[in-house]
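Each chain is listed here by its residues.
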2 protein chains.
Amino acid sequence: MAKKIADYKDYVGETIKAFDEGRVLLVSHGKEGLPNVMAIGWGTVGIIWRKPMFVVLVRPSRHTYKLIEETGEFTVNIVTPQLKEVVQYCGTVSGRDHNKFKEKQLTAIPSKKVKTPIIKECILHFECRVVYKNDLIPSELEKSIIPALYPKGDFHLVYFGEILACQYES
Amino acid sequence: MAKKIADYKDYVGETIKAFDEGRVLLVSHGKEGLPNVMAIGWGTVGIIWRKPMFVVLVRPSRHTYKLIEETGEFTVNIVTPQLKEVVQYCGTVSGRDHNKFKEKQLTAIPSKKVKTPIIKECILHFECRVVYKNDLIPSELEKSIIPALYPKGDFHLVYFGEILACQYES
């Protein structure tokens, strides 16, 4: 078992399926260097501005938001089906008062291209640098989305992250 | 040869590779019903707001922009490598004064879920309904992107299209 540099295009389908299955973690780290991990259920992958791009949404109320704002980086990490419980746990507690890496015995290891680490126990990794961000504009959202997903008005920020490296555990 | 309903997740990788190879066409049609086709080089695919999503960028100066604004729909169509020349042509002339369907002998056929047609001669199709859009905010773009891609300040609008159907030609 070793991580190998991969062409992100070969793993886009697997990544979208992992979203469907609740197997996606986003890692950020602030200026102080301690990494934090959150569960993400949404994202898109492709090409924008001639760059490979991973688009993620983060609510400004999240601890992750503060960390990404400090460094302009994040990594996306896919877990095996056996580790879905870890993703569920990461979706229920905040990095403000939990060290989720420690609690779930996750290992932060160095990335190839960004300072934010990847998670050793995961099988697919995208290292991203924010090249654009945009607050969601509530008035432009289809009306049915708001009561279902934003009952408290806590609208996401959309981060466009250039994919600088992709690794797969073979 | 027949078009079959497919799971979009099985064709995301192929779609991103098609962007790289200049094989992606976007079809729109206005209130008057005449379809128009443009070449697109950028886009992302995934899940947002619990919906399958195709994100595309269109400059407001384009004829396509006017048409999508009228209907809130578009289809994305992938050509075979043999038809790359058609995409190149569609990237050089405007639907304002060219009927590109007719000039390139493309056939508009009915979609499954939207009124905007798909292109018979293509091999992979995504039918999309706009659920969100956002003007690019130049001040949030990484500085190096602007002189390279927006020397005239003609910034894109970002359309988030829910994928209502995906068809593949087997």
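Because the structure is a prediction, the values reported are computed rather than measured.

## Some details on the environment of glycine 41 of chain A
All names here are of chain A.
At step 1: In this fold, glycine 41 is placed in the loop between strand 3 (35–39) and strand 4 (43–48).
At step 2: Expressed as a C-alpha distance, the spacing of glycine 41 and alanine 18, which sit 23 residues apart in the sequence, is 8.8 Å.
At step 3: In contact with glycine 41, not counting residues within four places along its chain, are Phe19 and Gly22.

## Comments concerning the interface of chain B and chain A
At step 1: Contacts between the two partners involve 29 residues from chain B, matched on the other side by 29 residues from chain A.
At step 2: Counting only elements with at least two residues in the side of chain B that touches chain A, the list comes to helix 1 (12–20), strand 4 (43–48), strand 5 (51–58), strand 9 (124–135) and helix 5 (145–149) of chain B.
At step 3: Pairing analysis gives 5 bridges linking strand 4 of chain A to strand 4 of chain B, with the strands arranged antiparallel. Counterpart to glycine 43 of chain A in the pairing with strand 4 of chain B is isoleucine 47 of chain B.

## Examining the relation of the copies chain B and chain A
At step 1: Rotating chain B by 180 degrees and translating it 0.0 Å along the rotation axis places it on chain A, where the RMSD comes to 0.0 Å. A rotation of that kind, with that shift, is consistent with a two-fold axis.
At step 2: A share of 100% of interface residues in chain B that are also interface residues in chain A marks the association as one of identical surfaces.

## Some words on unusual backbone geometry
Residue and element names in this part refer to chain B.
At step 1: For arginine 50, which is not a glycine, the phi torsion comes out positive at approximately 60 degrees.
At step 2: Following the sequence through the fold, arginine 50 ends up in the loop between strand 4 and strand 5.
At step 3: Phi angles above zero are rare outside glycine, and glutamine 105 is one such case at about 50 degrees.
At step 4: Take glutamine 105: it is sitting in the loop between helix 4 (100–103) and strand 7 (108–109).

## Observations regarding the environment of asparagine 36 of chain A
Residue and element names in this part refer to chain A.
At step 1: Looking at the secondary structure, you find asparagine 36 in strand 3.
At step 2: Note: C-alpha distance between asparagine 36 and cysteine 90 (54 residues apart in sequence) is 9.6 Å.
At step 3: Residue contacts for asparagine 36: discarding those within four places in its chain leaves Ser28, His29, His63, Thr64, Leu67, Gly95 and Lys100.

## Re the pairing of strand 5 (residues 51–58) of chain A
Residue and element names in this part refer to chain A.
At step 1: The element strand 5 is largely enclosed, with a buried count of 6 among its 8 residues.
At step 2: When strand 4 meets strand 5, the two strands line up antiparallel, connected through 5 bridges. The residue bridging glycine 46 from the neighbouring strand is methionine 53, located in strand 5.
At step 3: With antiparallel pairing between neighbouring strands as the criterion, strand 4 and strand 5 make up a hairpin whose turn holds 2 residues, including tryptophan 49 at a positive phi of roughly 55 degrees.
At step 4: Looking at chain direction, strand 5 and strand 10 (residues 157–169) are connected through 6 bridges and run antiparallel. By the bridge assignment, valine 56 is partnered in strand 10 with tyrosine 159.

## Some details on the packing of helix 1 (residues 12–20) of chain A against helix 1 of chain B
At step 1: Interhelical geometry of helix 1 of chain A versus helix 1 of chain B gives an angle of 135 degrees and a closest axis separation of 7 Å. With respect to each other, helix 1 of chain A and helix 1 of chain B are oriented oblique. When the axes of helix 1 of chain A and helix 1 of chain B are compared, the crossing they make is right-handed. Across from Val12, Gly13 and Ile16 of chain A in helix 1 of chain A, the residues of helix 1 of chain B making contact are Val12, Gly13 and Ile16 of chain B.
At step 2: Among the residues forming the contact of helix 1 of chain A with helix 1 of chain B, the class breakdown is 4 nonpolar, 2 polar and no charged.

Rules of the game
Residues numbered from 1 in each chain as written. Chains lettered and ligands numbered in written order. Predicted model: local features only at pLDDT ≥ 70, side-chain atom pairs only at ≥ 80, totals over all residues. Helix = DSSP H or I, 4+ residues; strand = E, 2+ residues; numbered from the N terminus. Contact = placed C-beta atoms within 7 Å. Pairing = 2+ DSSP bridges. Least-squares fit on C-alpha atoms with pLDDT ≥ 70 in both. Buried ≥ 20, exposed ≤ 12 C-beta atoms within 10 Å, placed from the backbone. Axes fitted to C-alpha atoms, helices over the stretch in contact; angles between N-to-C directions. Parallel < 35°, antiparallel > 145°, perpendicular 65-115°, else oblique. Left-handed = near helix turned anticlockwise from the far one by under 90°. Nonpolar A, V, L, I, M, F, W, Y, C, P; charged D, E, K, R; others polar.

So, to be careful, I would describe these as geometric facts and stop short of saying anything about function.
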